[in-house]
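# A closer look at the structure
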Amino acid sequence: MIDDVLIQWSPETLRAVLADDLEQAELMVVSNREPYAHEWVNDRVELQMPASGLVSALDPVMRAFAGTWIAYGGGSADREAVDSSDCLGVPPHDPHYRLRRVWLTKQQHDGHYSGLSNEGLWPLCHIAFARPTFRASDWDAYREVNRRFAAVVAEEAETANPVVLVQDYHFSLLPGMIRDLMPAATILTFWHIPWPNAEQFGVCPWHKQILDGLLGSSIVGFHTGLHCSNFLDCVDRFVECRIDRQAGTIHREGHTTSVNAYPISIPWPAQAEHLSRSTARELVGRRYDIPDRIKLIAGVERLDYTKGIIERLRAVETLLESRPEWIGRIVMAQVASPSRSNLPAYQRLRRECTELVDCINARYGRGAYRPVLWLERHHSRAAVDELLAAADICVVSSLHDGMNLVAKEFVAARHEDEGVLILSPFTGASQELVDALLVNPYDTVDMAEAMHRALTMPPEEQAERMRSMREVVRSNNVYRWAGRMLLDAVQARRRNGHASNGQAQNGTSVWGS
Ligand code: GDG
């Protein structure tokens, strides 16, 4: 048995540790969001990597192992870039794995993605006091799209027992559907957002079907032990089965599903490792016209109501009001990458944010100075990294967040050990990054005070905190996340007695046998 704690996880160790087992297995990923999208921009096709934690985490893993990633082809020029089987090698400039794009009608996409996933399950799973909306027509589209993806998995699979990594709340029914089509598959489902308690989950009219679907998985993974425990509570309440809490296993109709915490992370070393703080600060200062003497506070988010963007803007306002000595001496640069902008809740959030930014800038701006720099567009990865490397402080004030990768990206960008992370305790990341300044985003006064404390923190204290957080992210990097999951998947596969030729060794199916 391999002890994952003793391994220094990197793409090389990931490949080496899993080579024997995974070389014989076919690896497939299914997610809604594709890792590479082709978009028309002024008569030119541009390649884009979306702002998504899931993609940031899984792309390096797929680069380490070849395989097939199946995703919705949502880019406006996506059809121009595929071959006759709707596939292409990615990354396009240096292909390491295959991307299979799945086309959906507008009605399917609206019901599945915007409707049930983002107006139903997203608010259901986050404690952000946003009321979920459940429409029967969205549920129909959700089921239809899950069924379509199950068919594509079966179509793309070259063996009867691939390892399929199903990603996120867009595909809760998919594991059960794949299981029906391919009883010998090893299915590992990772849920990237929090899992609510049983009272809250029971609000969803289709809670039983969703649990049923997820229990088709060999393994269900969450970021934290609390999410695992909430999930087990829901299964206990709503499904007839036997649960072994200690082992984290659910037994039903001859099939076992393991439930486990796999805290997601980022690649290490960070892509921006070469960037020195001073180079980054100079670049960012020039780009946004921020003089050197000004302290830079950064925020990087999809424009989403769970991320606490309004709350942090209010804290900046309170800081400037209660400690006017900071007027003219700080800038909060907030990347707000457009997200789900067709949904009313997101349009309201955008309006509220821009009004608040205008109000703060009108009140505390002096001459050319504006305390808030509102950067509402999708940025290149390099521009995000530069901002994180240049900042004195990073604020992550999510109201609720499965993990939050930005917190880890900021820590990874501080290779000179300075800078302060202000972090919401309602993120999965706060369980690991305990040396951040942990502050409740609903407590505006406390968050403003945390900003003041960060701005005045002695360099030695910054270095001490940062060093210990960097050590955590270095050892718990994304290769460890993937390594632990894949080791568990390999074990599940072995337990089920599958050989490399795609046949069950004992000739029986694992599912319902
Ligand atoms: C879900 C869960 C969990 C942001 N703006 C731009 C951009 N980003 C990048 C960030 C980061 C990623 O997007 C966002 O990751 P998060 O973890 O903050 O959040 P979600 O997208 O909500 O992800 C979350 C995650 O899944 C992984 O499991 O941590 O809890 O909600 O990498 O840097 N990237 C680029 N341009 C932008 O404008 N290129």
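Before reading further, recall that the structure is shown in the block above.
In this report, we go over the structure that sits alongside the text. Just so you know, these numbers come straight off a predicted model, no measurement behind them. (Residues numbered from 1 in each chain as written. Predicted model: local features only at pLDDT ≥ 70, side-chain atom pairs only at ≥ 80, totals over all residues. Heavy atoms only, no water.)

### What about the site of the ligand?
Let me state the cut-off plainly: Note on terminology: near, applied to a residue and a molecule or strand, indicates that one of the residue's heavy atoms is within 4 Å of it. Distance and chemistry together define a polar contact, namely a pair of N or O atoms within 3.5 Å, with one atom able to donate a hydrogen and the other to accept it when in protein, and with adjacent residues in sequence counting only for side-chain atoms on both sides. For every accessible area listed, the method is Shrake-Rupley and the probe measures 1.4 Å; residues are considered covered only by the protein chains on display. Working definition: helices are DSSP H or I runs of at least four residues, strands are E runs of at least two. Numbering for both runs from the N terminus. Nonpolar residues are Ala, Val, Leu, Ile, Met, Phe, Trp, Tyr, Cys and Pro. Charged residues are Asp, Glu, Lys and Arg, and all others, Gly as well, are polar. Here the limits of each domain have been adopted from an automatic or database domain assignment.
Around the ligand there are 27 residues in total, and His192, His379, Asp401, Leu405 and Glu409 lie nearest to it. Separating a nitrogen atom of the ligand from a backbone N or O atom of His379 is a distance of 2.6 Å. Between Gly402 and the ligand, the recorded distance is 3.0 Å, taken from a backbone N or O atom to an oxygen atom. Coverage of the ligand by the protein amounts to 96% of the 740 Å² it exposes when considered alone. Residue assignment for the shell around the ligand shows that the elements contributing at least two residues are α2 (53-64), β13 (295-302), β14 (330-337), α12 (381-390) and α13 (405-413). Classifying every residue of the shell around the ligand by side-chain character gives 10 nonpolar, 11 polar and 6 charged. Counting the residues that make up the shell around the ligand, at least three belong to each of domain 1 (4-265 + 477-496) and domain 2 (272-470).

### Overview of helix α7 (residues 207-214)
The test is simple: The cut-offs for exposure are 20% and 50% of the maximum accessible area for each residue type, with area from a 1.4 Å probe on protein chains only; residues under the lower value are buried, those over the upper are exposed, and the others partly exposed. Arc definition: it is the arc formed by the directions from the helix axis to the C-beta atoms.
His207, Ile210, Leu211, Gly213 and Leu214 are the residues of α7 that are buried. The arc enclosing the buried residues of α7, seen along the axis, measures out at 160°, which places them on a common side.

### Observations regarding helix α8 (residues 225-238)
Quick reminder of the rule: Given the number of residues in a helix, its expected span is that number minus one, multiplied by 1.5 Å. By definition, residues are in contact when any of their heavy atoms lie within 4.5 Å.
Compared with the 20 Å implied by 1.5 Å per residue over 14 residues, the 20 Å span of α8 between its first and last C-alpha is a close match. Turning to α8, its buried residues are His227, Cys228, Asn230, Phe231, Leu232, Cys234, Val235 and Phe238. In this fold, the buried residues of α8 make contact with α6 (198-201), α7, β9 (219-222), β10 (242-244), β11 (249-252) and β12 (255-261).

### Concerning the pairing of β14
Along any regular strand the residues' side chains alternate between the sheet's two faces. Selection criterion: When DSSP locates at least two bridges between a pair of strands, those strands are taken to pair. For a crossover, the right-handed case is the one in which the path from the first strand over the helix to the second runs clockwise, viewed with the strands pointing away from the viewer.
Counted residue by residue, β14 has 8 buried out of 8 residues, so it is predominantly covered. Covered by surrounding structure in β14 are Ile330, Met332, Gln334 and Ala336 together with Val331, Ala333, Val335 and Ser337, the residues of both alternating faces. Alignment of β13 against β14, held across 8 bridges, turns out to be parallel. Along β14, the bridge assignment pairs Ala298 with Ala333. Once the chain exits β13 it traverses helix α10 (residues 309-322) before rejoining the sheet at β14, and the crossover so formed is right-handed. In terms of handedness, the path from β14 via helix α11 (residues 344-364) over to strand β15 (residues 372-375) forms a crossover that is right-handed.

### Points about the environment of Pro11
Within the fold, Pro11 resides in helix α1 (residues 11-23). The spacing of Pro11 and Asp304 is 293 residues in sequence and 32 Å in space, taken between C-alpha atoms. Apart from residues no more than four positions distant in its own chain, Pro11 is found in contact with Ala64 and Tyr479.

### Section: the packing of helix α9 (residues 277-288) against α12
Here is the rule: Helix axes use the C-alpha atoms of the stretch in contact, all axes being lines fitted to C-alpha atoms, and the angles between their N-to-C directions lie in the range 0 to 180 degrees. Orientation is classified from the angle alone, with under 35 degrees giving roughly parallel, over 145 giving roughly antiparallel, 65 to 115 giving roughly perpendicular, and any other angle giving oblique. We call a crossing left-handed when the near helix sits turned anticlockwise from the far one by less than a right angle, and right-handed when that turn is clockwise.
It is the contact of α9 with α12, at a shortest axis distance of 8 Å, that shows an interaxial angle of 115°. Relative to α12, the element α9 is oriented roughly perpendicular. The element α9 and its partner α12 pack so that their crossing is left-handed. Counting all contacts with α9, which are made through Arg277, Ala280, Arg281, Leu283, Val284 and Arg287, the residues of α12 involved are Ala383, Glu386, Leu387, Ala389 and Ala390. Class assignment of the residues belonging to the contact of α9 with α12 gives a composition of 7 nonpolar, no polar and 4 charged.

### Looking at the nonpolar core
In globular proteins that are soluble, nonpolar side chains generally tend to be buried together. To be explicit about the condition: To qualify as a nonpolar core, a set must consist of buried Ala, Val, Leu, Ile, Met, Phe, Trp, Tyr and Cys residues joined through side-chain atoms within 4.5 Å.
Formed by 176 residues in total, the largest nonpolar core has its most connected members in Phe149, Ile178, Trp195, Phe231, Leu421 and Trp481. Ranked by residues supplied to this core, first place goes to helix α16 (residues 478-495) with 9 residues. Contacts of Phe149, omitting those with residues within four sequence positions, involve Val30, Ser31, Ile70, Ala71, Tyr72, Val102, Leu104, Phe171 and Leu174.

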